[in-house]
Amino acid sequence: MGELRKDYFTERLVIVSAERSKRISELKEEEQPLKSECPFCPGNERLTPPADLVLVEREGTLLKLTDSEFEVHPNWSVRVFPQAASSVSLNPPSTYSDSPLYSEPAYGYHYIVVATPNHEESFSKMSVDQWMNVLATTQDKMRWLYSQKRVSYVAVFVNNGRDAGASIPHPHLQLLTLPRLPPLVEEEATAVQKSMYELGICPMCSVVGAELGGPRQILATDSFVSFSPWAPTHAFEFWIFPKRHQTSFLKVAQKEIRDLALMLRSTLGGLSRALNEPAFSMVFHTSPEKKTTKQLHWHIEVYPQLTRWSGLEKGAGVYINQIPPEQAAEVLGMNARKELASLIGIS
Ligand SMILES: [Zn+2]
Ligand SMILES: [Zn+2]
């Protein structure tokens, strides 16, 4: 339960969460659970709330099922349930106030998508079919979340590895809804809107065109391209864009899902192969479904966690990156192409 506060001067948002407030001595990192106690493992389903959506394969067909208080479906492939302790909630305290002490209730939903029943399997080793199941299930849940009231944005993100803030090592995604657009998405959408209005072109389409086949490209598939961005905030950071103008992850059709799964699996596999499985965060930037004027060219950003941020990064918004993106793209590209070749069976 929390309130959403905005900075005195800038658009920066902070969820101040009373329910999760801890004594200062408890702010240090929590112990990760042992595999036998992992709440995301098969057999431990009772440690989480009942699942809203369980993907189960029966005789070659994927069924979408729902758990109840009394029945938990076993043998699942992907499992989606509400996060028990969240900073957002459906009954937040009613805390409205105006700038400079701007505050609104942190109203929202928070869901976990467990990406595989296998505790040890990582996003970088998972099969392409499993990735497809994960992406399709995430789309399903996102669609439902956007149909709920007071949902302006569904943030989709992954914390993978201890250094990226994951408290549970079992691979999972998180879906957290916000009652307003997050500032980074708003900034990107405003830039797109301005260029569309003034020049009639999507600036993100121009970037895709410029990076395709260039020195920062990592991999290109039929529908997607991945590249190290021109000014990456993290060493070995990379972005994945649909090649054609597409505003939302929800618009990715069934036939493109395989292509995206192949792209994610190859690039994350390449990152893992090149740098010995570094921790990383992955974030989707996608257009909100309700405000049609705020549209962007949806994409995924991956930030490997190889160094810690200093005062300059935290306090000035200026980042130091000791790996030029052109060099990062060469290393990631070589490794991602090897992964792709092994996945589609060419040597
Ligand atoms: Zn587990
Ligand atoms: Zn575009």
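A. Broad picture of the pairing of strand β5 (residues 76-82). Buried residues dominate β5, accounting for five of its seven residues. In this structure, β5 lies alongside strand β7 (residues 110-114), joined through four bridges in antiparallel fashion. Pairing of P82 across the sheet is with Y111, part of β7.

B. Structural view of the packing of helix α4 (residues 254-275) against helix α6 (residues 325-344). Two elements in contact, α4 and α6, have axes separated by 7 Å at closest approach and are oriented at 125°. What the angle tells us is that α4 and α6 run oblique. When you trace α4 past α6, the crossing you get is right-handed. Here α4 contributes L262, R265, S266, T267, G269, G270, L271, R273 and A274 to the contact with α6, which in turn contributes V331, L332, N335, A336, K338, E339, L340 and L343. For the contact of α4 with α6, the residue count by class is eight nonpolar, five polar and four charged.

C. Local environment of the domain arrangement of the chain. Domain annotation of the chain identifies domain 1 (1-28 + 87-104) and domain 2 (182-347). Here domain 1 and domain 2 have C-alpha centroids that lie 30 Å from each other.

D. Seen up close, the packing of helix α1 (residues 128-146) against α4. The contact between α1 and α4 brings their axes to 8 Å, and the two run at 115°. Where α1 crosses over α4, the two elements pack in a sense that is right-handed. On α4, the residues that touch V128, W131, M132, L135 and A136 of α1 are I257, R258, L260, A261, L262, L264 and R265. Residue classes in the contact of α1 with α4 are distributed as ten nonpolar, no polar and two charged.

Quick notes on the rules
Residue numbers restart at each chain and count upward from 1, following the sequence in its written direction. Chain labels run from A onward and ligand labels from 1 onward, assigned in the order the entries are written. Only residues with pLDDT of 70 or above have their local features reported here, since the model is predicted, and side-chain atom pairs are shown and tallied only from 80 upward, although totals for entire chains, interfaces and linings are computed over all residues. Remark: C-beta atoms are placed from the backbone, and a residue is labelled buried if 20 or more other C-beta atoms sit within 10 Å of its own, exposed if 12 or fewer do, or partly exposed between those counts. A helix here means a DSSP run of H or I that spans at least four residues, while a strand means a run of E at least two residues long, and both kinds are numbered starting from the N terminus. What makes two strands pair is DSSP finding at least two bridges between them. Axes here mean lines fitted to C-alpha atoms, for a helix over just the part in contact, with angles spanning 0 to 180 degrees between N-to-C directions. Should an angle fall under 35 degrees it is taken as roughly parallel, and over 145 as roughly antiparallel, whereas 65 to 115 is taken as roughly perpendicular and any remaining angle as oblique. It is the rotation of the near helix from the far one that decides the hand of a crossing: anticlockwise by less than a right angle makes it left-handed, clockwise makes it right-handed. Think of it this way: build a C-beta for each residue from its backbone, and any pair within 7 Å is a contact. The classification used treats Ala, Val, Leu, Ile, Met, Phe, Trp, Tyr, Cys and Pro as nonpolar, Asp, Glu, Lys and Arg as charged, and all other residues, Gly among them, as polar. Here the bounds of each domain stem from an automatic or database domain assignment.

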